[in-house]
Amino acid sequence: MVDFTKLEQDITNSLSKVTDLESLNECRIKYLGKKGEISLLMKELAKLSDDDRKRQAEILNILKNKTLSLIEEKTEELNDRNLNEKLSSETLDVTLPVSSSLGSIHPITQVIEEVVTIFGDLDFYVAEGPEVETDYNNFTALNTSEHHPARQMHDTFYVETQTDNMQNVLRTHTSPVQIRSMLEHKPPIRLIAPGKTFRCDNDQTHSPMFHQVEGLVIDKDSNMSHLKGCLEIFLKTFFETDKLKMRFRPSHFPFTEPSAEVDIGYTKKGNQLIIGEGNDWLEILGCGMVHPKVLQNVNIDPNSFQGYAFGMGIERLAMLKYGISDLRTFFECDLRWIKHYGFSPLNFPSLIRDLS
Ligand code: DAH
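The structure reproduced in this document is the subject of the present report.

Cut-off values and rules
- Residues numbered from 1 in each chain as written.
- Predicted model: local features only at pLDDT ≥ 70, side-chain atom pairs only at ≥ 80, totals over all residues.
- Heavy atoms only, no water.
- Phe/Tyr/Trp six-rings, centres within 6.5 Å; stacked < 30°, edge-to-face > 60°.
- Helix = DSSP H or I, 4+ residues; strand = E, 2+ residues; numbered from the N terminus.
- Expected span 1.5 Å × (residues − 1).
- Buried < 20%, exposed > 50% of the residue type's maximum accessible area, 1.4 Å probe, protein only.
- Arc of directions from axis to C-beta.
- Contact = heavy atoms within 4.5 Å.
- Pairing = 2+ DSSP bridges.
- Axes fitted to C-alpha atoms, helices over the stretch in contact; angles between N-to-C directions.
- Salt bridge = Lys/Arg side-chain N within 4 Å of Asp/Glu carboxyl O.
- Near = heavy atom within 4 Å.
- Polar contact = N/O pair within 3.5 Å; in protein donor to acceptor, adjacent residues only side chain to side chain.
- Areas by Shrake-Rupley, 256 points an atom, 1.4 Å probe, with all protein chains shown as cover.

Moving on to the packing of aromatic side chains. One pass over the full model with this rule turns up 11 aromatic pairs. Taking the centre distance of 5.7 Å and the plane angle of 25 degrees together, the rings of Phe234 and Phe238 count as stacked. Of this pair, Phe234 and Phe238 both sit in helix H9 (residues 224-238), separated by 4 residues, roughly a single helical turn. Between the aromatic rings of Tyr322 and Phe343, the centroid separation amounts to 4.8 Å while the plane-to-plane angle is 70 degrees, which identifies the pairing as edge-to-face. Here the residue Tyr322 occupies a position in helix H11 (residues 314-322), and Phe343 occupies one in the segment after helix H12 (335-341), the gap between them amounting to 21 residues.

Written out as structure tokens, the structure reads:
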């Protein structure tokens with residue numbers, strides 16, 4: 001006859017000594033595993049007389065359930081203990097001083113944020129387009145036909161793929177975002193589109209990858225004076241001086257008519273450029289009234305809608321505002337350079353202009 005009281009004592013004893021999940025599992029196998037003591041006794045039941053079998057099966061079932069709940073209790077206890085140990089060994093000391101080796105914001109990112117903040121305050125929203133663009137969106141839809149000299153001037157990188165039977169290129173400017181946005185939304189439109197652009201060019205003042213920001217306003221009555229006012233507010237706020245002098249020079253872009261280039265006044269003191277003083281001029285951006293043919297290309301009726309567009313180079317804005325003299329240094333990934341020219345993540349762009 002099996003000594004069930006002794007077996008129960010054995011089980012309780014062994015489980016009380018268990019101190020980790022691994023030995024708990026060993027214990028479970030020892031009593032309840034396929035060849036465990038309780039399981040074997042269960043198998044033996046078949047050999048007993050009816051009466052004995054009934055009695056012993058009852059006792060065994062009670063013992064099995066008790067063992068199971070003891071194991072469950074123990075598992076919970078061990079899990080709780082493990083969690084508490086983890087919590088106390090991994091506590092964070094929130095009073096520790098801030099690490100001094102923080103990264104910094106690249107001037108390109110900083111300038112994009114400044115530009116977005118200023119235009120955001122003027123009610124513009126930010127639009128995006130792909131860097132691999134169709135030749136059609138990059139040129140044709142912008143009124144730049146196949147043999148237009150502007151295509152050669154852009155030193156385009158052609159890509160070996162096509163989209164909807166159209167040759168793909170790396171976009172040479174952010175202007176194709178105008179096309180995509182006008183196809184997607186009906187006017188009124190008031191957007192800026194900052195992003196990467198690409199041209200096959202590399203010297204002290206050109207990089208094969210650079211950044212531009214595009215602007216587009218389409219509504220019923222926006223005109224050249226709105227364009228001038230908008231750019232004046234932007235440039236004065238960006239360069240943080242109300243004394244900024246601006247000059248609109250007639251120019252030509254296939255997608256605007258009339259077109260203009262904007263120069264800002266500056267002077268040189270030693271090696272430093274002072275923006276807003278002096279009688280020298282620096283070209284800063286291109287702009288104009290959106291050409292009626294561009295509107296037709298995106299199914300907007302030029303007799304009902306009109307508007308203006310502008311585009312400028314982010315690197316140029318950054319170089320002028322922060323006194324960076326070589327364009328190539330932007331992309332050399334030199335840690336000393338970024339330490340010198342980088343910005344603190346908490347250096348938020350300001351909309352307050354120096355009104356002195
Ligand atoms: N896309 C022109 C360029 O890359 C810049 C430009 C000029 C954009 C006039 C415009 C514009 O939207 O109206 O040189």
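It is worth spelling out helix H1 (residues 4-17) at this point. Between the first and last C-alpha of H1 there are 20 Å, a value that for 14 residues agrees with the 20 Å anticipated at 1.5 Å per step. For H1, the full list of buried residues reads Phe4, Leu7, Ile11 and Leu15. The arc that holds the buried residues of H1, viewed along the axis, is 60 degrees, so those residues lie on one side. Opposite the buried face of H1, at more than 90 degrees from it, the exposed residues are Thr5, Gln9, Ser16 and Lys17. If you follow the buried residues of H1, they end up packed against helix H2 (21-32), helix H3 (37-44) and helix H4 (50-89).

Let us look at the sheet that holds strand E2 (residues 132-134). Pairing in this open sheet of 3 strands is antiparallel, and the strands run E2-E4-E3 from one edge to the other. On the outer flanks of this sheet lie E2 and strand E3 (158-163), each paired with one strand and no other. Neighbour-to-neighbour, the strand axes of this sheet turn through a mean angle of 40 degrees, independent of strand direction.

Going through the model one piece at a time under the given rule, you end up with 17 salt bridges. When the shortest N-O distance is used, the salt bridge between Arg55 and Asp52 registers 3.7 Å. With Arg55 and Asp52 both in helix H4 and 3 residues apart, the pair spans about one turn of that helix. Overall, Arg55 belongs to the partly exposed group, its relative accessible area being 41%. Asp52 sits in the partly exposed class, given a relative accessible area of 31%. Between Glu277 and Lys269 there is a salt bridge, with the nearest N and O atoms lying 3.6 Å from each other.

The next thing to look at is the site of the ligand. Near the ligand lie 15 residues; those nearest to it are His173, Ser175, Arg199, Gln212 and Glu214. One of the side-chain N or O atoms of Gln212 is found 3.0 Å from an oxygen atom in the ligand. Take Phe310: an N or O atom from its main chain is 3.4 Å from an oxygen atom of the ligand. Contact with the protein chains covers 91% of the free accessible surface of the ligand, which is 360 Å².

The residue Ser207 is located in the loop between strand E5 (189-198) and strand E6 (209-219) in this model. By relative accessible area, Ser207 is classed as buried at 9%. For Ser207, the side chain forms a polar contact with the main-chain oxygen of Met209, separated by 2.4 Å. Sequence-distant contacts of Ser207, defined by excluding residues within four places in its chain, comprise Arg199, Asp201, Asn202, Leu327 and Phe331.

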